[in-house]
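One letter stands for each residue in the lines below.
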Number of protein chains: 2
Amino acid sequence: MTTAAAIIIGDEILSGKFRDENTPLLIDLMAELGVELQRISVIGDDCATIAAEVASCAARFDVVLTSGGIGPTHDDCTVRGVAAAFALGVEVHPELEAMIRGYWRDRFTPAALRMAEVPAGSRLLAGGDGLLPLIVCRNVYLFPGVPRLFSAKLPSLRRELKGAVKVLNGLYLRSDESRIAPLLDRVVAEFPEVKIGSYPRFGETEFRVWISLECVDGARVAAAVERLLELLPAEDVVRVDR
Amino acid sequence: MTTAAAIIIGDEILSGKFRDENTPLLIDLMAELGVELQRISVIGDDCATIAAEVASCAARFDVVLTSGGIGPTHDDCTVRGVAAAFALGVEVHPELEAMIRGYWRDRFTPAALRMAEVPAGSRLLAGGDGLLPLIVCRNVYLFPGVPRLFSAKLPSLRRELKGAVKVLNGLYLRSDESRIAPLLDRVVAEFPEVKIGSYPRFGETEFRVWISLECVDGARVAAAVERLLELLPAEDVVRVDR
């Protein structure tokens, strides 16, 4: 199964000036594609922090996505951070430079050219969306942080990532979580490949706990659900979603 | 200035089963208290991952807050993770055990006692809120992940953290970001203690860029704003918020 990490870059998110609108969209896309998002990091606009986070994530996950820090101002240091993560230089990409000169025209200034800089050897991923292409450095995709641009770029990522689709089943129980914990432990041990979650729900009148079971192998999910139903007192089970 | 990191623990957030409702509340509280939140990590329910993240954050930030993973089921491994981060054992806290036995009464089961386990030497932080107290291990505060319980516990943290309050000023400009980048660079160099952010805004008719300036020293923020106003073409400035 493909694994992924997201690195959300921006002091403005950490300080509460802007809400992070991008992560929910990304989580939903990864779930839809069956890509296992294993980590999200929100960090500030600091080159060394970005470099350390990208280096660590790029080595451990199949795909790394960064959001933010790719504009023309002093607080935009994602390109330098990603380059430093791989001990690469930064170079002006001639194709990006031509696009920026063409797009900005009379508003063009030398500072705009900072947006043509890429970690050496990066490729461009065009989106057919009228926007600048995504910069891709090895397994790292550099997304813009502005929500409107971020979401416009997601279809490009969707086309790149086509993983297996996970099967998710759920049980709604009126049991206390602590009462069913020993039963869950047994099923977890018997079905190590099925990811089993247990979530208490307050404020619901019908049920007290939701149990989720998921795996790329639908037959194993079904078998784990059957095993749980064998172990649970029948009167505790409110509903099963398969 | 006090620094902080948050570690949001839960496969259910990464897989999109539940939205993270806790982080926005925490961001707002930290901003209100003048505590600098420097990192948010969202990670899965895995003991080794939790231990590594807690160890790394506890060493670098004044305060670390975890959310989630403190219930009685197999996927709750925050206590073990925090203990492992500091190479501590796990022990039953007698005060917690007494509370849980009293609270659960006839519904009490041995599995509920898992919620009385703490990293060795932890202290309890009572909230006067009718809920179990927070577990505090060194500089790490273990919050429940269920949003209703998380938010009920925030006042306890508020009482513990009373930092300096930051001053935030803002400029609204009708300039292109790339045009003002060189001016910003000068002000950033002249006022290293003032944190300056530049955020392009699309879909606004009145302005194109919002510049934020912030520092615990309000006089330095004011001086940086004045310096920027000297450098910027007067016709570019739509509004100044002081």
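Conventions used here
- Sequence order as written defines residue numbering, which begins from 1 separately in each chain.
- To label them, take the chains in the order written and letter them from A, then take the ligands in the order written and number them from 1.
- The model is predicted, so local features are restricted to residues of pLDDT at least 70 and side-chain atom pairs to those at 80 or more, both for listing and for counting; the totals for chains, interfaces and linings are taken over all residues.
- In computing side-chain values, all of the structure's heavy atoms are included and hydrogens and water are not.
- Secondary structure is summarised from DSSP: a helix means a run of H or I of at least four residues, a strand means a run of E of at least two, and numbering begins at the N terminus for each.
- Multiplying 1.5 Å by the residue count of a helix minus one yields the expected span of that helix.
- Only protein chains enter the accessibility calculation, which uses a 1.4 Å probe. A residue is then buried if its area is under 20% of the maximum for its type, exposed if over 50%, and partly exposed in between.
- Directions pointing from the helix axis toward each C-beta atom define the arc.
- Contacts between residues were defined by any pair of non-hydrogen atoms, one from each residue, lying within 4.5 Å.
- Defined here as a combined quantity, buried area equals the accessible surface (1.4 Å probe) lost by two parts on assembly, summed across both.
- Criterion for a salt bridge: a side-chain nitrogen of Lys or Arg within 4 Å of a carboxyl oxygen of Asp or Glu.
- Being paired, for any two strands, means DSSP has found at least two bridges between them.
- Comment: axis = line fitted to C-alpha atoms, over the contacting stretch for helices; angle = value between 0 and 180 degrees taken between N-to-C directions.
- Here roughly perpendicular refers to angles of 65 to 115 degrees, roughly parallel to angles under 35, roughly antiparallel to angles over 145, and oblique to all remaining angles.
- Note on convention: near helix rotated counterclockwise from far helix by under a right angle means a left-handed crossing. Clockwise means right-handed.
- Looking at any residue, its pLDDT shows the predictor's confidence there, from 0 to 100.
- Any pair of nitrogen or oxygen atoms within 3.5 Å is treated as a polar contact; in protein, a donor-acceptor pairing is required on top of that, and neighbouring residues in sequence qualify only through side-chain atoms on both sides.

*Asks:* Lay out helix H2 (residues 22–33) of chain B with the relevant residues and their values.
*Replies:* Taking 1.5 Å as the rise per residue, H2(B) with twelve residues should run 16 Å; its terminal C-alpha atoms sit 17 Å apart, in good agreement. When H2(B) is considered as a whole, its buried residues turn out to be Asn22(B), Thr23(B), Leu26(B), Ile27(B), Leu29(B), Met30(B) and Leu33(B). The buried residues of H2(B) occupy one face: seen down the axis, they fall within an arc of 165 degrees. Where H2(B) is buried, its residues meet helix H1 (11–14) of chain A together with strand E1 (3–9), strand E2 (36–43), strand E3 (63–67) and helix H6 (147–160) of chain B. Just past H2(B), the residue Gly34(B) takes up positive phi, approximately 75 degrees.

*Asks:* If you had to explain the interface of chain B and chain A to someone new, which residues and values would you point to?
*Replies:* Across the contact, 58 residues belong to chain B and 58 residues belong to chain A. Of the roughly 4,700 Å² buried between chain B and chain A, counting both surfaces, carbon and sulfur atoms make up 56%. Contact with chain A buries surface across chain B, with Leu14(B), Lys17(B) and His74(B) losing the most and accounting together for 13% of the total. In this assembly, chain B and chain A are joined by ten salt bridges.

*Asks:* Break down the sheet that holds E2(B) for me, citing the residues and quoting the values.
*Replies:* Across a sheet, strands are paired by hydrogen bonds formed along the backbone, either parallel or antiparallel in direction. Strand order in this open sheet of twelve strands is E6(A)-E7(A)-E8(A)-E3(A)-E1(A)-E2(A)-E2(B)-E1(B)-E3(B)-E8(B)-E7(B)-E6(B), and the pairing throughout is mixed. Each having just a single partner strand, strand E6 (123–125) of chain A together with strand E6 (123–125) of chain B make up the two edges of the open sheet. Going across the sheet, the axis of each strand differs from the next one's by a mean of 20 degrees, ignoring polarity. Both strand E2 (residues 36–43) of chain A and E2(B) contribute to a ladder of five bridges, which runs antiparallel. Its bridge partner being in E2(B), Val42(A) is matched across the sheet by Ile40(B). Of the strands in this sheet, strand E1 (3–9), strand E3 (63–67), strand E7 (134–137) and strand E8 (140–143) of chain A are in contact with helix H4 (residues 78–85) of chain A, which crosses E8(A) at around 170 degrees. Packed on one face of the sheet, H2(B) meets E1, E2 and E3 of chain B and runs near 170 degrees to E2(B).

*Asks:* Quick rundown of the packing of helix H7 (residues 177–190) of chain A against helix H8 (residues 218–231) of chain A? Include the residues and the values.
*Replies:* Residues and elements named next belong to chain A. The geometry of H7 relative to H8 is characterised by a closest axis approach of 10 Å and an angle of 150 degrees between their N-to-C directions. What the angle tells us is that H7 and H8 run roughly antiparallel. At the point where H7 passes H8, the crossing takes the right-handed sense. Between H7 and H8, the contacting residues are Leu-183, Leu-184, Arg-186, Val-187 and Glu-190 on the first element and Arg-220, Ala-224, Arg-227, Leu-228 and Leu-231 on the second.

*Asks:* I'd love a proper account of the confidence of the model for chain A, names of residues and values included.
*Replies:* Residues and elements named next belong to chain A. Scored by pLDDT, chain A has a mean of 91; 98% of the residues are at 70 or more. For chain A, per-element mean pLDDT is lowest for strand E9 (residues 167–173), which scores 87, and highest for H4, which scores 98. Under the prediction, the complex receives an ipTM of 0.77, its pTM being 0.78.

*Asks:* Can you break down the pattern of salt bridges residue by residue, with the values?
*Replies:* Enumeration over the complete set of coordinates arrives at 36 salt bridges over all chains. The shortest N-O distance in the salt bridge between Glu226(A) and Arg242(A) comes to 2.5 Å. Residue Glu226(A) is located in helix H8, and its partner Arg242(A) is located in the segment after strand E12 (237–241); the two are separated by 16 residues in the primary sequence. Look at Arg242(A) and you get exposed, because its relative accessible area is 62%. Notably, a salt bridge pairs Arg220(B) with Glu193(B), separated by 2.4 Å at the nearest N-O pair. Here Arg220(B) is found in helix H8 (residues 218–231), whereas its partner Glu193(B) is found in the loop between helix H7 (177–190) and strand E10 (195–200), with 27 residues between them in sequence.

*Asks:* I'd love a proper account of the side chain of Asp76(B), names of residues and values included.
*Replies:* In this structure, Asp76(B) sits in the loop between E3 and helix H4 (78–85). Polar side-chain contacts of Asp76(B) include one of 3.3 Å to the backbone nitrogen of Gly71(B). Residues in contact with Asp76(B), not counting those within four places in the same chain, are Glu177(A), Gly69(B), Ile70(B), Gly71(B) and Arg114(B).

*Asks:* Now, about the sheet that holds strand E11 (residues 209–215) of chain A: what can you tell me, with residues and values included?
*Replies:* Residue and element names in this part refer to chain A. If you trace the four strands from one edge of the open sheet to the other, you get E10-E11-E9-E12, paired in antiparallel fashion. Looking along the sheet, the strands with just one partner apiece sit at the ends: strand E10 (195–200) and E12. Mean inter-strand twist for the sheet, computed between neighbouring axes without regard to direction, equals 15 degrees. By the bridge criterion, four bridges tie E9 to E12 in an arrangement that is antiparallel. Its bridge partner being in E12, Tyr-172 is matched across the sheet by Arg-239. The strands that H7 touches are E9, E10 and E11; relative to E10, the one it contacts most, it runs at about 175 degrees.

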